[in-house]
Amino acid sequence: MPPTPAPRPPCRRSVTARLTVALLTVLPFAGCAAPPERRVAVPVAPPAPVVPPTTPPTALAVLPTLSSTAVPTTPGPTVAAVAVACAGRPSTDRVIGLLRGDVLPRSVSVRAVTGPLCADGWQYTVLAVSGHEELQAVTRGEPGALVLVTAGTDVCSIEVKATAPPAIRTLACEAGAGAPPGA
């Protein structure tokens, strides 16, 4: 039997090679990143207290005016800025008919002083009632399906303020009873 060779001492080269490979693998991740940004302390002033103005602003915004030949570029719903005569749709008799029995006695004489004036499906009418104060009426809808919104000496109701077109709201809330239409 041949003699058994003596165990070999571990090879230095293989250990060195392993360490080299390990270091080469780890070194790219060990602190080679970009340096952190320098932070500079900037003094910050406390916010100034908000003080409401004691007097209202005096300058008013001026809106540009369009020439009569200018055409709006974006179509949209129209909101009537002016109430116009309803041209019989609805008729004064139709408005008075809505009021007879509930608001007006059937025996009184009634005639229109102003209107009906129309704007965006709403109507405003001022009526002279014999033996009583003038009566204002706000209605809306098509002549065949007219609905009484409110009637009386003061027709500036919450519904009128909230949902009526600007022209009707102006007549009902800013013009006095029997005053010429201002919208």
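Scroll up a little and you will see the structure.
Quick caveat, the model's predicted, so the values are computed rather than measured. (Residues numbered from 1 in each chain as written. Predicted model: local features only at pLDDT ≥ 70, side-chain atom pairs only at ≥ 80, totals over all residues. Heavy atoms only, no water.)

(A) The state of the cysteines, seen in detail. Taken as a whole and assessed by the stated rule, the structure comprises two disulfides. Linked covalently through their sulfurs, Cys-86 and Cys-118 form a disulfide whose S-S length is 1.7 Å. Taking the sign of the S-S torsion, about 115 degrees here, the bridge from Cys-86 to Cys-118 comes out right-handed. Of this pair, Cys-86 sits in the loop between β1 (84–85) and α2 (92–99) while Cys-118 sits in strand β2 (residues 110–119), and the two are 32 residues apart along the sequence. Of the two residues examined, Cys-86 and Cys-118, each falls in the buried class. One disulfide in the model links Cys-156 with Cys-173; its S-S distance is 2.0 Å. What sets the handedness of the Cys-156 and Cys-173 disulfide is the S-S torsion sign, and at about 95 degrees it is right-handed. Taken together, the positions of Cys-156 in the loop between β5 (147–152) and α3 (158–163) and Cys-173 in helix α4 (residues 166–173) put the pair 17 residues apart, joining distant regions of the chain. Overall, Cys-173 belongs to the partly exposed group, its relative accessible area being 29%. When the bonded cysteines of the chain are counted from the start of the sequence, the pairing works out to 1-2, 3-4. (Disulfide = S-S within 2.5 Å. Helix = DSSP H or I, 4+ residues; strand = E, 2+ residues; numbered from the N terminus. Buried < 20%, exposed > 50% of the residue type's maximum accessible area, 1.4 Å probe, protein only.)

(B) Quick look at the sheet that holds β2. The five strands lie next to each other as β1-β2-β3-β4-β5, forming an open sheet whose pairing is antiparallel. Edge positions in the sheet fall to β1 and β5, since each of these pairs with one other strand and no more. Pairing between strand β4 (residues 135–140) and β5: five bridges, direction antiparallel. Residue Val-138 lies in a different strand from β5, and its bridge partner there is Thr-150. Across the sheet, α2 touches β2, β3 (122–129), β4 and β5, and the angle it forms with β2 is around 105 degrees. Helix-sheet contacts for α4 involve β2, β3 and β4, and the interaxial angle to β3 is about 25 degrees. (Pairing = 2+ DSSP bridges. Contact = heavy atoms within 4.5 Å. Axes fitted to C-alpha atoms, helices over the stretch in contact; angles between N-to-C directions.)

(C) Quick look at the pattern of salt bridges. Counted under the stated rule, the structure contains one salt bridge. Where Arg-140 meets Glu-159, a salt bridge forms, and the shortest distance between an N and an O atom there is 3.8 Å. Residue Arg-140 is located in strand β4, and its partner Glu-159 is located in helix α3; the two are separated by 19 residues in the primary sequence. Overall, the relative accessible area of 35% leaves Glu-159 in the partly exposed class. (Salt bridge = Lys/Arg side-chain N within 4 Å of Asp/Glu carboxyl O.)

(D) Region of the structure containing unusual backbone geometry. The linkage connecting Arg-89 with the following residue, Pro-90, adopts the cis geometry, with an omega of 10 degrees. With respect to the helices and strands, the residue Pro-90 is situated in the loop between β1 and α2. Positioned with a positive phi, Ala-87 is a non-glycine residue whose angle comes to about 55 degrees. With respect to the helices, strands and loops of the structure, Ala-87 is situated in the loop between β1 and α2. Accessibility expressed as a relative area gives 72% for Ala-87, which makes it exposed. Notably, Asp-120 is not glycine yet its phi reads approximately 50 degrees, a positive angle. Its relative accessible area of 39% is what places Asp-120 among the partly exposed residues.

Note that all results are geometric; they support no functional claim without further evidence.
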